[in-house]
Structures are given as C-alpha cells and as structure tokens.
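The lines below spell out each chain.
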Amino acid sequence: MRTAAFVFVAVAAWANGPAPTFSRDVAPILYQHCAQCHHAGAVAPFPLLTFRDASKRAPLIAAVTARRFMPPWLPSAPHFQGERRLSAAEIATLQQWVSAGAPQGDPSAAPLPPAFASGWPLGPPGLEAAMRQPFEIPADGPDRYRCFAIPLARAPQRYVRAIDIQPGNTRAVHHALLFQDVTGEARRRDTGGGYPCFGTPGFLPARGLGGWTPGKQPVPSLPGMAETLDPGADLVLQVHYHPTGKPETDRTRVALYFTQEKPRQHLTDVPLTSNRIDIPAGERSYKVTDHFTLPVDVDVFGVIPHAHYICRDMLGTAILPNGARRMLIHIPDWNFNWQDQYRYRTPVRLPAGTRVEMEFTYDNSENNPRNPNHPPRRVQYGAASTDEMAGLHLEVLPVRASDQDELGQALWGKMMRMLGGGIYRRQ
Ligand code: HEC
C-alpha cells in the first residue's frame, strides 16, 4: 500500500514538472544535511559528495530519509537549535529523484561540494591538549567507555567560553565528553592508558565542560555564563569507542577557548530522575516518572535526556498553573548511540507553580531491536551499560536573579525526598 502511494505521489509530481536531478535538486540537500558526516574521514561509513557516491546508494538514501533514520535526530518535538531534520518537501524530492531513475542532470548546474576545514572551526584555541598516548581499540567485542586524564600545568583561574573536541579516529570514536577534575582522582586512576568508565567519569563533582557527538558543531556558552576552570584542575576526556571490525587507534585532541569575562550566572540543573527502576524480563511498556513544581519563574534554555539501551520513549512536559500543557521534549524512539543535549531556539519561560514532569517508557521484550539481552532478562537501576537509568535535566535560569536561593532550596528538598524514598524502600 505504502509503495503504491509513493509511486502515485512521484508520478503526480513528475506530471507537474521535470523530475528532480542530482545537480539541481539533490546535491543541495546532501550538502546541507548529510555531507558534514558523509565525507572522507568523517563519522559515516561512506561519502555523499558526488553524483557517483549518491547514485550508487540511491534507493537506500530514499529509504533511510523516508523513515527519518537519516539524518539522525531524535526529538520529534519541539524545534531545537542545530536541528538535523529534512522537510517533507526535501524527503519528497529524494523519493521522486529515485523513482525517476536517479538522473544526474547538468553537471555544471551543481553547487560546489562543501569544504571541510581540517583545523579548529572556532580558530586558534587558548589551550590545546591531547590524550597522553594513543589508545588501541580491538577489532571487535563490546563498546568501550574510557576516561583519560589530561593533567594541566597549574595556572590562574580561567573562564572557558567554548570547547571543541577532535576525535583522532572518527570511525571508532562514537562520542566524547570533557570534564574537569579538581579531586586528583582521574590522575591517580589513569596510569597512562586511561581507565574504564561507563556513565560517570568516576569522581565527584564531575564538572562537565562540553562534548562531541558526530555532526555537532562547537557551541559557545551564553554571554556571562562561561565555565570556571579551577587553577589545579585536570581535564578528563571520556570517550565512547565502537569497534569497527579491524584494530584501530585513537588519540583525541581538545581545544579550550577562554574569555576575560567573569561568569555572572550559571544555568541551574533541574534534574527529573528516578532510581526506582526494576523492569521484568519481557515487559513491553514499563514507565518511570518524576516531577517537580517550580517555586519561582524560570527560563528553560535546554534539556539533556539520558537513559541506556532499552528505553524507547521519552517525554518531558510542563503543566502551567493555568492548566495549559507545554511539551518540553518528545523522543519517540530513543537511541543510546545518538545522545545529545538540546538548546531551545528561544528560552521557554515557565511561571512559578509550573509542574515539570518526566515520563520514560522502557521495552524489555524481544520486540525492542536495541535490547542487548537475548532472551530478555530483568533490568534494574544502575550505572553499568546493562543496567538502566532515567534522567531528564532541564537547564534553567531564574527570571529574577534574587530567586536563585529559593530555587536551590526547593531542589535540595527534592533530592532529600528522593534519598529518603530510597531508604524507606530498603526497610
Ligand atoms: C550526524 C551525522 C550524520 C548525518 C548528518 C547523516 N548521516 Fe547518514 N550515517 C551516519 C552514520 C554514523 C551512519 C552509520 C550507521 C549508524 O551508525 O547508525 C550513517 C549511515 C547512513 C546510511 C546507511 C544506512 C544503512 O542502513 O546502511 C545511509 C544511506 C545514510 N547514512 C544516508 C544519509 C543521508 C541521505 C543523510 C542526509 C539526508 C545522512 N545520512 C546524514 C551519520 C550521519
């Protein structure tokens, strides 16, 4: 049925005008939405720059874009900055091009393929550093999460306005996060080749400086919100490695950009989380929820969702005091491999009394193609990759700076209730 509808649409469009060609219609779509990952040396397994590249895989391109599997972008709503989504018209153009036999058209009409700078896109950094030695990734086996301490020379306090990360091996590096460690713990654990660390980097506080995921451009901090780099801090790079089928090595590099501007404010993390997770084997729709009522007016700048492999659906909602609902995020098909943090195009203002809610749904059945267990087995809360987690972190700023303490106290109370709940459960 669906194929028939496609053909009908394609024929109807064809009847209205000439079929799309690679040069005129398809190349601009590929250059804007695909090339940043699909070029030599980048994260995707093949380039999509020339007519040859694209025509070889034309049916696959039509199929993965129609399913919205490519470009990878998890939230179905609302709109965020840096969104990687094709419009319905762009998807239709690709379908029609393939139905028409993937014609090249006039090569001289094609735009020039984008050039990819080999240096740092933000220019020369204030500090550049690398993993102390290359890391060897075996040809196969499970994914690896590894932390590398990058000791820094003692320096006065500095303010970081942006970071960038350049993976040493884009085939094997799936994503990377940069932290600062003021405890010396990472330096003690890493005797040269890093140490295993799934979930957290293994020290507290783990102060995040930013991260890299495939296709992501560096995002400078908002004005007045730089991160303070402590005088005695070490950098710690947490890298998720994905075996490629042959032995690989990686030496990832990082860049820090400083500003003289002392931070005036910091985004506050409003965590919606739960450790009450105990999912029976075979359970298809297990819900985990949390909520918090905002004591003061806030602006929400961004949202960071987190779970492991068997979570399927993530929903964050705000219920305003007048009863109106606002969707904060919906991810209908969570994929641990495409973790990201999302910034709203304009901050979402929520008045005091708004209740923010998280509802995550887990599928622990054979039905879930990403279930790592065959047959499925009971999964509980925990930090290992085979355990599960639930977290929806809202990055907020009180509308009035004088409300910061009240927000902090309410969040403290929430944390205490959660810990209390945990103790109560164990009795
Ligand atoms: C953010 C990076 C990124 C972007 C943007 C991106 N891709 Fe991909 N693509 C990948 C990666 C990585 C893979 C390998 C599969 C995986 O890891 O899921 C892939 C795989 C593919 C595949 C093979 C799928 C299969 O089943 O074998 C096709 C076809 C494809 N991409 C087409 C596209 C098209 C067309 C676009 C633009 C409309 C696009 N991609 C945009 C990263 C990207």
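Everything numeric in this text was worked out from a predicted model, so none of it was measured. (Residues numbered from 1 in each chain as written. Predicted model: local features only at pLDDT ≥ 70, side-chain atom pairs only at ≥ 80, totals over all residues. Heavy atoms only, no water.)

### Brief notes about the packing of aromatic side chains
Link 1 in the chain: Summed over the entire model, instances satisfying the criterion amount to 12 aromatic pairs.
Link 2 in the chain: When the centroid spacing of 6.5 Å and the interplanar angle of 85 degrees are considered together, the rings of F148 and Y241 count as edge-to-face. A residue pair is termed long-range when its members are at least 10 positions apart, and F148 in strand 3 (residues 144–150) and Y241 in strand 9 (residues 234–241) qualify at 93 residues. Accessibility classification places F148 together with Y241 in one group, the buried group.
Link 3 in the chain: Ring geometry for Y309 against F336: centres 4.9 Å apart, planes inclined by 45 degrees, an arrangement best described as tilted. Of this pair, Y309 sits in the loop between strand 15 (298–306) and strand 16 (311–319) while F336 sits in the loop between strand 17 (325–331) and strand 18 (342–350), and the two are 27 residues apart along the sequence. Side by side, Y309 and F336 carry an identical accessibility label, which is buried.
Link 4 in the chain: Three or more aromatic residues joined by ring pairs make a cluster, and in this case those are W73, F80, Y342 and Y344.
Link 5 in the chain: Over the aromatic face of F46 sits the side chain of R57, whose NZ or CZ is 3.8 Å from the ring centroid. (Phe/Tyr/Trp six-rings, centres within 6.5 Å; stacked < 30°, edge-to-face > 60°. Helix = DSSP H or I, 4+ residues; strand = E, 2+ residues; numbered from the N terminus. Buried < 20%, exposed > 50% of the residue type's maximum accessible area, 1.4 Å probe, protein only. Lys NZ or Arg CZ within 6 Å of the ring centre and 35° of its normal.)

### Considerations on the nonpolar core
Link 1 in the chain: Core analysis: the biggest nonpolar cluster contains 45 residues, and L350, V356 and Y362 have the highest contact counts within it.
Link 2 in the chain: Here this core spans two domains, since at least three of its residues come from each of domain 1 (2–109) and domain 3 (268–426). (Core = buried A, V, L, I, M, F, W, Y, C linked by side-chain atoms within 4.5 Å. Domains from an automatic or database assignment.)

### So, the pattern of salt bridges
Link 1 in the chain: Taken as a whole, this structure holds 20 salt bridges when the rule is applied.
Link 2 in the chain: With a closest N to O distance of 2.9 Å, R171 and E248 form a salt bridge. Residue R171 is found in the loop between strand 4 (158–166) and strand 5 (173–181), and its partner E248 is found in strand 10 (residues 248–250); the two are separated by 77 residues along the sequence.
Link 3 in the chain: Residue class for E248 comes out buried when judged on its relative accessible area of 5%.
Link 4 in the chain: E359 is the partner of K287 in a salt bridge, and the nearest nitrogen-oxygen pair spans 3.6 Å. Residue K287 is found in strand 14 (residues 286–293), and its partner E359 is found in strand 19 (residues 355–362); the two are separated by 72 residues along the sequence.
Link 5 in the chain: Judged by relative accessible area, K287 falls into the partly exposed class, the value being 46%. (Salt bridge = Lys/Arg side-chain N within 4 Å of Asp/Glu carboxyl O.)

### Section: the coordination of the iron atom of the ligand
Link 1 in the chain: Within the protein, the atoms that donate to the iron atom of the ligand are H38 (NE2) and M70 (SD), at distances of 2.1 to 2.3 Å.
Link 2 in the chain: Here the iron atom of the ligand is ringed by six donor atoms whose angles at the metal span 86 to 179 degrees, and the overall shape comes out octahedral. Here H38 is found in the loop between helix 2 (22–33) and helix 3 (51–56), whereas its partner M70 is found in the loop between helix 4 (58–66) and helix 5 (88–99), with 32 residues between them in sequence. (Donors = N, O, S within 2.8 Å, 3.2 Å for Na, K, Ca; no water. Tetrahedral: all angles 85-135°; square planar, octahedral: opposite > 155°, others 65-115°.)

### Things to note about the domain arrangement of the chain
Link 1 in the chain: Entries for the chain in the domain assignment read domain 1 (2–109), domain 2 (127–259) and domain 3 (268–426).
Link 2 in the chain: On a C-alpha basis, the centres of domain 1 and domain 3 stand 34 Å from each other.
Link 3 in the chain: Taking both partners together, domain 1 and domain 3 bury about 1300 Å²; carbon and sulfur atoms supply 66% of that area.
Link 4 in the chain: Among the residues of domain 1 in contact with domain 3, L74, F80 and Q81 are the three that bury the most area, contributing 47% of the side total.
Link 5 in the chain: In this structure, the connection of domain 1 to domain 3 is made through one salt bridge. (Buried area = accessible area lost by both parts, 1.4 Å probe.)

### Let's talk about the state of the cysteines
Link 1 in the chain: Taken as a whole and assessed by the stated rule, the structure comprises one disulfide.
Link 2 in the chain: Bridging C147 to C197, the disulfide has an S-S length of 2.1 Å. Residues C147 and C197 are joined by a disulfide whose S-S torsion is about 95 degrees; by sign, that bridge is right-handed. Taken as a pair, C147 in strand 3 and C197 in the loop between strand 6 (195–196) and strand 7 (207–212) lie far apart in primary sequence, 50 residues in all.
Link 3 in the chain: Relative accessible area serves as the criterion here: at 5%, C197 is assigned to the buried category. (Disulfide = S-S within 2.5 Å.)

### Description of the site of the ligand
Link 1 in the chain: In the neighbourhood of the ligand, 23 residues make up the surrounding shell, with H33, C34, C37, H38 and M70 lying closest.
Link 2 in the chain: Interatomic distance of 2.8 Å between a side-chain N/O atom of H38 and a nitrogen atom of the ligand.
Link 3 in the chain: The element contributing the most residues to the shell around the ligand is helix 4, with four residues.
Link 4 in the chain: Within the shell around the ligand, the residues separate by chemical class into 17 nonpolar, five polar and one charged. (Near = heavy atom within 4 Å. Polar contact = N/O pair within 3.5 Å; in protein donor to acceptor, adjacent residues only side chain to side chain. Nonpolar A, V, L, I, M, F, W, Y, C, P; charged D, E, K, R; others polar.)

### Here we look at a nonpolar patch on the surface
Link 1 in the chain: Together, W412, M415, M416 and L419 line one region of the surface with nonpolar side chains, adding up to about 420 Å² of accessible area.
Link 2 in the chain: Assignment of secondary structure puts L419 in helix 7 (residues 404–426). (Patch = residues over 30% accessible without salt bridge, like charges linked within 9 Å, V, L, I, M, F, W, Y side chains within 5 Å. Areas by Shrake-Rupley, 256 points an atom, 1.4 Å probe, with all protein chains shown as cover.)

### Let's talk about the sheet that holds strand 11 (residues 253–259)
Link 1 in the chain: The antiparallel open sheet is built from four strands, whose spatial order is 1-11-4-8. Here the strands that pair on one side only, and so sit at the sheet edges, are strand 1 (127–130) and strand 8 (227–229). Across the sheet, the axes of successive neighbouring strands diverge by a mean angle of 45 degrees, strand direction being ignored. (Pairing = 2+ DSSP bridges. Axes fitted to C-alpha atoms, helices over the stretch in contact; angles between N-to-C directions.)

### A short note on helix 5
Link 1 in the chain: The terminal C-alpha atoms of helix 5, which comprises 12 residues, lie 16 Å apart, in line with the 16 Å expected from a rise of 1.5 Å per residue.
Link 2 in the chain: By the burial criterion, the buried members of helix 5 are E90, I91, T93, L94, Q95, Q96 and W97.
Link 3 in the chain: Positive phi appears at G101, one or two residues downstream of helix 5, with a value of about 90 degrees. (Expected span 1.5 Å × (residues − 1).)

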